[in-house]
Amino acid sequence: MGRVLPFVIAALLSVVVLFTPESGVPSSPPGTDKVVHTLLFALLAFTGLYARIPHVLWWLVAYAGLSEVLQQLITPLHRSGDVLDALVDVLGIGLGWAIAAAVRSRRRGPRTTR
């Protein structure tokens, strides 16, 4: 459970962030929403890879698209689905993958050549 807990917390955070009704979303400077989406999905990807969840990156890509569709369809949220949000979600997934790869590479230590 120790490796999975950070991913579970990140997933719960994503539900709160992505499905809070529009009235509960604080106002912020333009572009902040895209930064939040990118960082949120980077966190999901990093913690999912750390937890060694099979195919987690593909599941997160599906979640990125589905979350935007649900934001559009769940009318009490008064939110709108945004293709650009889904795209920056995928960018965040790539960022989380890159950070996880860098951490993994660093833990292995420097390579020696012969």
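I will try to describe carefully the structure that is included in this document. (Residues numbered from 1 in each chain as written. Predicted model: local features only at pLDDT ≥ 70, side-chain atom pairs only at ≥ 80, totals over all residues. Heavy atoms only, no water.)

Considering the nonpolar core
Inference 1: Membership of the largest hydrophobic core comes to 14 residues, with the highest contact counts inside it found for F7, L18, F41, L44, L60 and I93.
Inference 2: Counting residues per element, the ones that place at least two in this core are α1 (5-19), α2 (32-50) and α3 (56-73).
Inference 3: The contact partners of L18, leaving out residues within four places of it in the chain, are H37, L40, F41, Y63, S67, Q71 and R79. (Core = buried A, V, L, I, M, F, W, Y, C linked by side-chain atoms within 4.5 Å. Buried < 20%, exposed > 50% of the residue type's maximum accessible area, 1.4 Å probe, protein only. Helix = DSSP H or I, 4+ residues; strand = E, 2+ residues; numbered from the N terminus. Contact = heavy atoms within 4.5 Å.)

Quick word on a nonpolar patch on the surface
Inference 1: A cluster of nonpolar side chains, namely M1, V4, L5, V8, I9 and L12, defines an oily patch on the protein surface of about 560 Å² accessible area.
Inference 2: When you line up the elements, V8 lands in helix α1. (Patch = residues over 30% accessible without salt bridge, like charges linked within 9 Å, V, L, I, M, F, W, Y side chains within 5 Å. Areas by Shrake-Rupley, 256 points an atom, 1.4 Å probe, with all protein chains shown as cover. Salt bridge = Lys/Arg side-chain N within 4 Å of Asp/Glu carboxyl O.)

Quick notes on α2
Inference 1: Between its first and last C-alpha, α2 extends 27 Å over 19 residues, near the 27 Å set by a 1.5 Å rise per residue.
Inference 2: Check the buried side of α2 and you find it contacts α1, α3 and α4 (83-108).
Inference 3: Looking one or two residues past α2, R52 carries a phi angle of roughly 60 degrees, positive in sign. (Expected span 1.5 Å × (residues − 1).)

Some remarks on the environment of G48
Inference 1: In this fold, G48 is placed in helix α2.
Inference 2: Sequence-wise, G48 and P26 are 22 residues apart; in three dimensions their C-alpha atoms are separated by 28 Å.

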